[in-house]
2 protein chains.
Amino acid sequence: MSYNNLITQLFDINAVKFGNFTLKNGLKTSIYIELDPVISFPHILETVAKNFWELVQDIPADRLCGVPYTAVPIATCLAQEHNIPMLLHRKSSNAISGSFNSGQTCLVIEDIVTTGNSVLETITDLQQAGLMVKDIVTFLDREQGGKELLAEHGYHLHSLFTLSQFIVMLEKAGKIEQREPLHNPA
Amino acid sequence: MSYNNLITQLFDINAVKFGNFTLKNGLKTSIYIELDPVISFPHILETVAKNFWELVQDIPADRLCGVPYTAVPIATCLAQEHNIPMLLHRKSSNAISGSFNSGQTCLVIEDIVTTGNSVLETITDLQQAGLMVKDIVTFLDREQGGKELLAEHGYHLHSLFTLSQFIVMLEKAGKIEQREPLHNPA
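What comes next concerns the included structure.

### A few points about the packing of helix α3 (residues 71-82) of chain A against helix α3 (residues 71-82) of chain B
(1) Moving on: Contact geometry of α3 of chain A with α3 of chain B gives a least axis separation of 9 Å together with a crossing angle of 65 degrees. Between α3 of chain A and α3 of chain B, the interaxial angle falls into the category roughly perpendicular. Here the hand of the crossing between α3 of chain A and α3 of chain B comes out right-handed. The residues of α3 of chain B that touch α3 of chain A, namely those facing V72, P73, T76, C77 and Q80 of chain A, are V72, P73, T76, C77 and Q80 of chain B.
(2) Moving on: The residue makeup of the contact of α3 of chain A with α3 of chain B, split by class, is six nonpolar, four polar and no charged.

### Focus: the layout of surface pockets
(1) Moving on: In this model, the largest pocket occupies a volume close to 490 Å³.
(2) Moving on: Contributing elements (two or more residues each) for the lining of the largest pocket: α2 (42-56) and α3 of chain A together with α2 (42-56) and α3 of chain B.
(3) Moving on: Among the residues making up the lining of the largest pocket, the classes are represented as seven nonpolar, six polar and six charged.

### Points about empty space enclosed by the protein
(1) Moving on: As enumerated under the stated definition, the model contains one cavity of 30 Å³ or more in all.
(2) Moving on: One number sums up the size of the largest cavity: a volume of about 30 Å³.
(3) Moving on: Lining the largest cavity we find Y69, V72 and L88 of chain A together with Y69 and V72 of chain B.
(4) Moving on: Looking at the lining of the largest cavity, its residues break down into five nonpolar, no polar and no charged.

### What to know about the interface of chain B and chain A
(1) Moving on: With 31 residues of chain B in contact, the opposing surface of chain A contributes 31 residues.
(2) Moving on: When chain B packs against chain A, the two sides together hide about 2,500 Å² of surface, and 60% of this comes from carbon and sulfur.
(3) Moving on: Three residues stand out in chain B for area buried against chain A, namely I39, Y69 and Q80 of chain B, and they jointly supply 27% of the buried area on that side.
(4) Moving on: One can count two salt bridges joining chain B with chain A.
(5) Moving on: Here R90 of chain B and D36 of chain A are joined by a salt bridge, their closest N and O atoms 2.9 Å apart.
(6) Moving on: Of all elements in the fold, only α2, α3 and β4 (86-90) of chain B reach the threshold of two or more residues within the side of chain B that touches chain A.
(7) Moving on: No other element matches the six residues that α3 of chain B contributes to the side of chain B that touches chain A.

### Things to note about the relation of the copies chain B and chain A
(1) Moving on: The transform that puts chain B on chain A rotates by 180 degrees and translates by 0.0 Å along the axis, for an RMSD of 0.0 Å. On this basis, the relationship between the two copies can be described by a two-fold rotation axis. Relative to the rotation axis, the closest C-alpha in chain B is found at P73 of chain B, a distance of 3.1 Å.
(2) Moving on: A shared binding surface is used by both copies, with 100% of the interface residues of chain B retained as interface residues in chain A.

### Some remarks on the packing of aromatic side chains
Aromatic ring pairs: the centre-centre distance and the angle between the two ring planes describe each pair.
(1) Moving on: Under the counting rule described, the total for this entry stands at nine aromatic pairs over all chains.
(2) Moving on: When the centroid spacing of 5.6 Å and the interplanar angle of 70 degrees are considered together, the rings of F161 of chain B and F166 of chain B count as edge-to-face.

### Quick notes on unusual backbone geometry
Residue and element names in this part refer to chain A.
(1) Moving on: Of note, the amide linkage connecting P68 to Y69 takes the cis form, showing an omega dihedral of 5 degrees.
(2) Moving on: The phi dihedral of N94 is positive, around 60 degrees, even though this residue is not glycine.
(3) Moving on: Within the secondary structure, N94 sits in the loop between β4 (86-90) and β5 (95-97).
(4) Moving on: According to the relative accessible area criterion, N94 is partly exposed, its value standing at 47%.

### Some remarks on the sheet that holds strand β7 (residues 135-141) of chain A
Residue and element names in this part refer to chain A.
(1) Moving on: Within the open sheet, the six strands sit side by side as β5-β4-β3-β6-β7-β8. Their pairing is mixed. Bordering the open sheet on either side are β5 and β8 (156-162), each of which pairs with just one other strand. In this sheet, neighbouring strand axes are inclined to one another by 25 degrees on average, regardless of whether the strands run parallel or antiparallel.
(2) Moving on: Both strand β6 (residues 106-113) and β7 contribute to a ladder of five bridges, which runs parallel. Along β7, the bridge assignment pairs I112 with L140.
(3) Moving on: Contacting β3 (63-66), β4, β5, β6 and β7, helix α4 (residues 117-128) runs over the sheet at an angle of about 165 degrees to β6.

Reading the values: the criteria
- Residues numbered from 1 in each chain as written.
- Chains lettered and ligands numbered in written order.
- Predicted model: local features only at pLDDT ≥ 70, side-chain atom pairs only at ≥ 80, totals over all residues.
- Heavy atoms only, no water.
- Axes fitted to C-alpha atoms, helices over the stretch in contact; angles between N-to-C directions.
- Helix = DSSP H or I, 4+ residues; strand = E, 2+ residues; numbered from the N terminus.
- Parallel < 35°, antiparallel > 145°, perpendicular 65-115°, else oblique.
- Left-handed = near helix turned anticlockwise from the far one by under 90°.
- Contact = heavy atoms within 4.5 Å.
- Nonpolar A, V, L, I, M, F, W, Y, C, P; charged D, E, K, R; others polar.
- 1 Å grid on protein atoms, 1.4 Å probe; cavity = no way out; pocket = protein on both sides within 12 Å on 5 of 7 lines; lining within 4 Å.
- Points joined across faces, edges and corners; volume = space filled by probe spheres on them.
- Buried area = accessible area lost by both parts, 1.4 Å probe.
- Salt bridge = Lys/Arg side-chain N within 4 Å of Asp/Glu carboxyl O.
- Least-squares fit on C-alpha atoms with pLDDT ≥ 70 in both.
- Phe/Tyr/Trp six-rings, centres within 6.5 Å; stacked < 30°, edge-to-face > 60°.
- Buried < 20%, exposed > 50% of the residue type's maximum accessible area, 1.4 Å probe, protein only.
- Pairing = 2+ DSSP bridges.

Structure follows, in structure tokens:
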């Protein structure tokens, strides 16, 4: 599947930003991606949700829960399109709202995983409420240790893209000229 | 339009609860309504969003913003179905995320208004970010002073139902036998 169109759309709505960013593996990059602007572009949000579905459809779960905040509209699109019951994590009170039974499985949806701490907060509260969590699906793994942290706690992070893959796609889509070198040749 | 089907659905998913509840006008009722369970029933969430649209469609706005948390999935359904750009209120940081320009109008979506304080928090942060707010649409006005508080600040609360109207509909749908009397005749 070609992601060129989505990459171009994300670029056009300033979801791809330029700044100073260091990947976990030490690679310096000037590219920063966030999905926040997507919620203001219904067609792009729909496309993002469709991309999520490619991973979500293979993971059996009784419930979906988006990590506040940007992942909540994404989870809503998935829930409505594919008739999956959703839950909400009320970050301010640590409560889980919605209808569920203890022992049911819940798939966690996150837009972008950095350190994994936000995801872990949501999982902790889901489990406190009696739900079972094994899998998290994210659009982008920023490769800042999130996947490893979640794995240490026994959770599997599925990502549509790692930041490294995303940068390669930006290059292929002609949105950035050249990846910055790891180090300057003397 | 008949709301009997929706009332029955809300009743069946325990969105209508029994407890002690006093309306602002002093009427004692044993009926309590919350929309939290709706998010776990995609078809009912869709119906709720369709009901919202009856009011929302007549209010011109550049953006939609749901008050965290239950109104966020409702706002998402409206935004996706009717191609309206959405914003998110990040309650924990008071920030507004999404794409917008200063001076644009934002319609606020809330599931149930009680005192109006949660709505006011969201409006304050939207205005702080440069957006203009005039109208709020809610499913239920619990008649606990929210409409009056919002009016004092210059905002117009549009509600699909007041609690009094909702109780009458529950009676008509045969879900409660009889409204409790205001006072016992001696």
